[in-house]
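A look at the structure
The primary structure of each chain is shown beneath.
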Amino acid sequence: MVLVFAESPRGQFKKAAFEAVTYGKKVADMLGTTCVALTLGSVKDAGELGRYGASRVLHVADAAFEHFDSQTYAAAISEVAKNNNASVVVLSHTSTGKSLAGRVAVRLNAGLVSGVNSLPTGNESTLRVKKSVFSGKAIAEYEITSAVKVVSLMGNAVKPESTGSPASVETVSVASAKGRIRVKSVKTQEGIVPLPEAEIVVSAGRGMKGPENWAMVEELATTLGATTACSRPVADAHWRPHHEHVGQTGIAIRPNLYIAIGISGAIQHLAGVNNSKVIVVINKDPEAPFFKAADYGVVGDLFEVVPRLNEAFKKFKAAH
Amino acid sequence: MKLLVCISQTPDTTSKISFNADGTEFNAGGVQFIMNPYDEWYALVRACELREALGGTVVALNVGPAANETTIRKALAIGADEAVRIDCEPKGAGFVAKQIAEYARAENFDIIFFGKETIDHNGSEVGAMVAEHLDSPYVSYASKLELNGSTATLERDIEGGVEVVEIDLPFVLSAAKGMAEQRIPNMRGIMTARSKPLKEVPAVAFEDAAKAVQFNLPPAKAGVKLVQPDQMDELVRLLHEEAKVI
Ligand SMILES: Cc1cc2nc3c(=O)[nH]c(=O)nc-3n(C[C@H](O)[C@H](O)[C@H](O)COP(=O)(O)OP(=O)(O)OC[C@H]3O[C@@H](n4cnc5c(N)ncnc54)[C@H](O)[C@@H]3O)c2cc1C
Ligand SMILES: Nc1ncnc2c1ncn2[C@@H]1O[C@H](COP(=O)(O)O)[C@@H](O)[C@H]1O
């Protein structure tokens, strides 16, 4: 059985959970077994996970899981995995999954590969999975040979597929656990798709000259339903908030479309964005290194190009 | 205050990555190695700041061969009081975590610091594994750490925001940007680092059930397709019809 931990930060599934179940279902099909989803804490519509391929949805309702604590979560996931003889455990490679994966692997005596980005090959005894390493500069294939195998799935690596029907939700209990971490508050930007989940990202750099010019970047993002990002010097100069900073020291993302405006494309910036599916670069310098990593490029003055591009997208949206 | 900082050695970000002919091993020839940036800039520096404010000891730990000693000396130059090297080839996250846990178990550290990830494996695995081996709480991607007696307040990066948590010592954390500012070792630091203790510890046996068996370079990009700056409708058409991303 493939067990998928479907995370539900603050009581709600996000895309990561649907991706993980979709992936778990495909792994289960390949191994000729079933995919079972697990949720912890109160959550809306747990049965929805059935649509993405879970044949059963297990729910631990204990109030101890209202706040995330890797210690209690890992204990619960491992216990459910053992009780149900899971051969593969799938997590999401998110802030939650990154705190959990190593713990679950240790508890289950399992080999772990985190941040996998494609479907595995092999069989129940030896599973082969791929992930990006060296900050996107290479791809490594891993072999996992333990009885139980743990993988965490990179965001945007598979598309959620909701072709099934809702599953019934079974309430299960686990050994009670009291976490030692006290969550005091959670501050998130409301109404914005967080960068790691965004399918389209509009990002701008020092070529913008100053924070007062960002309106055109935001307008373009609004037209596309995109999330905004920036290069490091832009965040360091407080032109933009730090959570927008992408790159080696900031967030690593892999959207379907990354539009880079007035960013030179330094290697540390590329380290965070070069797994994007399609990259568009707008830069007035034809020698800017970013063009080497780009799929489409516009050599021109961003102050002219960006408003024009926004108009073109608006025209396209109106027609489609 | 007894603090442990786990430091790894990684190829410099700007180095060219290559593998041997059959793609089974990383080609270290001509590669410049550095201390993993998150371990150095955030974890180590914050640990040193806390020691400076509250007293105690900062131990820098590396699991690796003797060749890593230059990196370890740098940690001492930045401010660690002593260093430990667990002598072996660091064969994967599970193996490394086991070594660190075996060493740390007997030492009763108040806080064990990790970097958020290594820039070569990009795993974010070792810290959580060590925390589990030691049955310790773990705060990952911490971008802020303040101590008040035996209680710590941390901010941790989550998708689209931050979570503020409180935790009593001892615990394990991984450090992300924001926790501290990079420090350049000064001449005095470099001089005193030479006389600070660097202990060598033998490794314990552990078989990692996940192994990297094959490396490949990503498929080369087809090359950029340039669109004239006054042809933005054409760019939109390409993104829709050819790239199929809108
Ligand atoms: C250890 C380390 C870690 C780092 N981590 C990161 C990281 O995580 N993320 C990150 O982004 N950087 C990081 N950096 C910094 C990185 O090396 C670059 O300095 C940075 O990415 C440059 O930002 P930029 O492209 O916005 O600015 P610049 O390099 O100044 O580029 C501005 C670009 O805008 C173009 N431009 C100017 N005016 C116009 C115009 N009117 N129209 C069109 N184009 C125009 C210019 O041609 C130029 O290419 C790191 C550096 C180090 C040493
Ligand atoms: N060989 C090593 N020796 C000491 N610490 C390490 C080693 N490898 C990884 N670490 C620590 O574990 C963190 C996470 O590594 P990783 O799981 O590889 O992303 C790093 O930032 C270091 O703090």
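Residues numbered from 1 in each chain as written. Chains lettered and ligands numbered in written order. Predicted model: local features only at pLDDT ≥ 70, side-chain atom pairs only at ≥ 80, totals over all residues. Heavy atoms only, no water.

In this model, chain B carries a mean pLDDT of 96, and residues with pLDDT of at least 70 account for 100%. Scored by ipTM, the complex comes to 0.95, with pTM at 0.95. (pLDDT = per-residue confidence, 0-100.)

Taken together, 27 residues lie near ligand 1, and S231, T249, S264, H269 and N283 of chain A sit nearest. Residues near ligand 1 are shared among chains A and B, making this a multi-chain site. Here ligand 1, which alone exposes 980 Å², has 80% of that area covered by the protein. Those elements giving two or more residues to the shell around ligand 1 turn out to be α5 (232–236), α6 (267–273) and α8 (302–319) of chain A. (Near = heavy atom within 4 Å. Areas by Shrake-Rupley, 256 points an atom, 1.4 Å probe, with all protein chains shown as cover. Helix = DSSP H or I, 4+ residues; strand = E, 2+ residues; numbered from the N terminus.)

Before going further, it helps to spend a moment on the site of ligand 2. Residue and element names in this part refer to chain B. Close to ligand 2 lie 19 residues, the nearest being C6, D39, T118, S124 and E125. In this structure, a nitrogen atom belonging to ligand 2 sits 2.9 Å away from a main-chain N or O atom of V63. Within the backbone of G123, one N or O atom sits 3.2 Å away from an oxygen atom of ligand 2. With the chains in place, 95% of the 490 Å² that ligand 2 exposes on its own is no longer accessible. Sorting elements by how many residues they give to the shell around ligand 2 places strand β4 (residues 57–64) first, with three residues. A per-class count over the shell around ligand 2 returns nine nonpolar, seven polar and three charged. (Polar contact = N/O pair within 3.5 Å; in protein donor to acceptor, adjacent residues only side chain to side chain. Nonpolar A, V, L, I, M, F, W, Y, C, P; charged D, E, K, R; others polar.)

Looking at where E132 of chain B falls in the secondary structure, it is placed in helix α4 (residues 126–133). A distance of 2.7 Å separates polar atoms of two side chains, one belonging to E132 of chain B and the other to R107 of chain A. Residues within four places of E132 of chain B in sequence aside, it is in contact with A74, R103, V106 and R107 of chain A. (Contact = heavy atoms within 4.5 Å.)

Listed by partner, the interface residues are 78 residues for chain B and 83 residues for chain A. Buried area between chain B and chain A, both sides added, is near 6900 Å², and the carbon and sulfur share of it is 56%. Of all residues in chain B, E132, E159 and K221 of chain B bury the most surface against chain A, accounting for 10% of the area lost on that side. Across the contact surface, chain B and chain A share nine salt bridges. Across the pair K315 of chain A and D233 of chain B runs a salt bridge, and its minimum N-O distance is 2.8 Å. Run the count over chain B and chain A and you get 45 residue pairs in polar contact (both at pLDDT 80 or more). The set of elements that each furnish at least two residues to the side of chain B that touches chain A consists of α1 (37–54), α4, β7 (138–148), β8 (151–158), β9 (161–168), β12 (210–216), β13 (225–226) and α6 (232–242) of chain B. Its residues assigned to classes, the side of chain B that touches chain A comprises 41 nonpolar, 18 polar and 19 charged. Judged from the six bridges that link them, strand β8 (residues 138–144) of chain A and β12 of chain B form a sheet pairing that is antiparallel. (Buried area = accessible area lost by both parts, 1.4 Å probe. Salt bridge = Lys/Arg side-chain N within 4 Å of Asp/Glu carboxyl O. Pairing = 2+ DSSP bridges.)

Next up on the list: the sheet that holds strand β14 (residues 257–261) of chain A. Read across the open sheet, the six strands follow the order β13(A)-β12(A)-β14(A)-β15(A)-β16(A)-β13(B); overall the sheet is parallel. Looking at strand neighbours, the two that pair on one side only are β13 (227–230) of chain A together with β13 of chain B, the edges of this open sheet. One ladder, built from four bridges, connects strand β12 (residues 200–204) of chain A with β13 of chain A; its direction is parallel. From the neighbouring strand, A204 of chain A faces β13 of chain A, where its bridge partner is C230 of chain A. The sheet strands contacting helix α4 (residues 215–224) of chain A are β12, β13 and β14 of chain A, and the helix crosses β12 of chain A at an angle near 175°. Packed onto the sheet, α8 of chain A meets β14, β15 (278–283) and β16 (296–299) of chain A and runs at close to 135° relative to β15 of chain A. (Axes fitted to C-alpha atoms, helices over the stretch in contact; angles between N-to-C directions.)

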